[in-house]
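If you want the building blocks of each chain, they are given just below.
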Amino acid sequence: MVWEVVLDGLFKFFAHPFVQSLLWAIALAFATHVISSIAARALQHFLNRDDNPLPSSSIIVNIVRGVIWATGASIILDACFGVNANALVAALGVGGIAVSLGFQDTLSNLIGGLQMTFMGIVKPGDNIEVGAEAGVVQDVTWRHTTIRDAMGQTVIIPNSIISKTALVHLLPASRVSVPFAVPRLREDGSARASDMDGLADELTQLARTAASSVSPVIDGPRVLFSEISELGIKGKIILQVEDAAKTSAAADAIVRAIAALV
């Protein structure tokens, strides 16, 4: 008898139109969440492909998520609660203007982020300088751009600041440049300048061996001579290592290796 009363009460509860609408709304919200997650993962996988023309910034994924959730919310309001989303937006039009005035900075950051992303101005992996800040771009979101400087610190720069400030694209953070000056004469008294190609090959081998002990070399080394003076033969060794965090250690290893020639 008691169970019959409980079941009858539950049946009446779930048979109530508002409860049914609420359950449908929860089901549609869950479906929207699933679709949003699947779309975000698929889009992230596409953006991470080498042949993808778009940068792998999270702002693109967040825009897709926002569109999916806005569509889901519109369907829920219309199908479950009988609220016309278009009429609701129109009714809130005047209030929306007031809200937009209060969120000018947010809108400015959003527009700036979209411009940088779709115009390819800034993308993850770029080594940039904005004002007094410089570092490698980690991500571009709807509000700010995150970079990591040479000390490993995370710097957050609003997108509106980047769009209004002179932006400098620096050389890759993993690039190593080591100036050198070796004596003009060898230990046996012969002139090094008589065999510049041999000297370049010797420096190249020393630099590659030294840098590879710190991080794999992915480009170079290249030896560029600049002048021959009383101090010796001057130039620069340029290469690129795989780990940008170890550029200083690679430069130190190269200097130590070249010191044997001095």
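For the structure itself, consult the block above.
Residues numbered from 1 in each chain as written. Predicted model: local features only at pLDDT ≥ 70, side-chain atom pairs only at ≥ 80, totals over all residues. Heavy atoms only, no water.

Draft legend 1. Main features of the overall build of the chain. Within the chain, the secondary structure is distributed over 9 helices and 8 strands. The buried share of the chain, taken over its 262 residues, is 29%. Accessible area of the chain: about 16300 Å², with a carbon and sulfur share of 63%. (Helix = DSSP H or I, 4+ residues; strand = E, 2+ residues; numbered from the N terminus. Buried < 20%, exposed > 50% of the residue type's maximum accessible area, 1.4 Å probe, protein only. Areas by Shrake-Rupley, 256 points an atom, 1.4 Å probe, with all protein chains shown as cover.)

Draft legend 2. Layout of the packing of helix H8 (residues 196–212) against helix H9 (residues 247–258). H9 packs onto H8 with a crossing angle of 135° between their chain directions and a minimal axis gap of 8 Å. Classed by the angle they form, the pair H8 and H9 counts as oblique. Like other packed secondary-structure pairs, H8 and H9 cross with a definite hand, here right-handed. Contact with H8, carried on its side by Leu-203, Leu-206, Ala-207, Ala-210 and Ala-211, involves Ala-250, Ala-253, Ile-254, Ala-257 and Ile-258 of H9 and no other residues of that element. Taken together, the residues that form the contact of H8 with H9 break down as 10 nonpolar, no polar and no charged. (Axes fitted to C-alpha atoms, helices over the stretch in contact; angles between N-to-C directions. Parallel < 35°, antiparallel > 145°, perpendicular 65-115°, else oblique. Left-handed = near helix turned anticlockwise from the far one by under 90°. Contact = heavy atoms within 4.5 Å. Nonpolar A, V, L, I, M, F, W, Y, C, P; charged D, E, K, R; others polar.)

Draft legend 3. Expanded view of the pattern of salt bridges. Taken as a whole, this structure holds 3 salt bridges when the rule is applied. With a closest N to O distance of 3.4 Å, Asp-219 and Arg-222 form a salt bridge. For Arg-256, the salt bridge identified is with Asp-252, shortest N-O distance 2.7 Å. Taken together, the residues span about one helical turn, with Arg-256 and Asp-252 both in helix H9 at a distance of 4 residues. (Salt bridge = Lys/Arg side-chain N within 4 Å of Asp/Glu carboxyl O.)

Draft legend 4. Molecular detail of H9. Over its 12 residues, H9 extends 17 Å from the first C-alpha to the last, a length consistent with the 16 Å expected when each residue adds 1.5 Å. Every buried residue belonging to H9 is among Thr-247, Ala-250, Ala-253, Ile-254, Ala-257 and Ile-258, and all of these are buried. Relative to the axis of H9, the buried residues are bounded by an arc of 130° and lie together on one face. Facing away from the buried side of H9, by more than 90 degrees, are the exposed residues Ser-248 and Arg-256. Those residues of H9 that are buried lie in contact with strand S6 (175–182), H8 and strand S8 (232–241). (Expected span 1.5 Å × (residues − 1). Arc of directions from axis to C-beta.)

Draft legend 5. Broad picture of a nonpolar patch on the surface. A surface patch of nonpolar side chains, amounting to about 470 Å² of accessible area, comprises Phe-18, Leu-22, Leu-23, Ile-26 and Phe-81. Looking at which element gives the most residues to the nonpolar patch, the answer is helix H2 (residues 17–47), with 4 residues. Examined against the element boundaries, Phe-18 turns out to sit in helix H2. (Patch = residues over 30% accessible without salt bridge, like charges linked within 9 Å, V, L, I, M, F, W, Y side chains within 5 Å.)

Draft legend 6. Focus on the pairing of strand S7 (residues 217–229). Relative to S8, S7 is paired through 9 bridges, and the arrangement is antiparallel. When the sheet's bridge partners are listed, Ile-228 is paired in S8 with Ile-233. Remark: 2 residues form the turn of the hairpin made by S7 and S8, two consecutive strands paired antiparallel. (Pairing = 2+ DSSP bridges.)

Draft legend 7. Broad picture of the packing of helix H3 (residues 58–81) against helix H6 (residues 104–118). Packing of H3 against H6 brings their axes to within 10 Å, and their N-to-C directions diverge by 120°. Our classification of the angle between H3 and H6 gives oblique. The handedness of the crossing between H3 and H6 is left-handed. Between H3 and H6, the residues in contact are Ile-59, Ile-60 and Ile-63 and Leu-110, Gly-113, Leu-114, Thr-117 and Phe-118, respectively. Across the contact of H3 with H6, the residue classes tally to 6 nonpolar, 2 polar and no charged.

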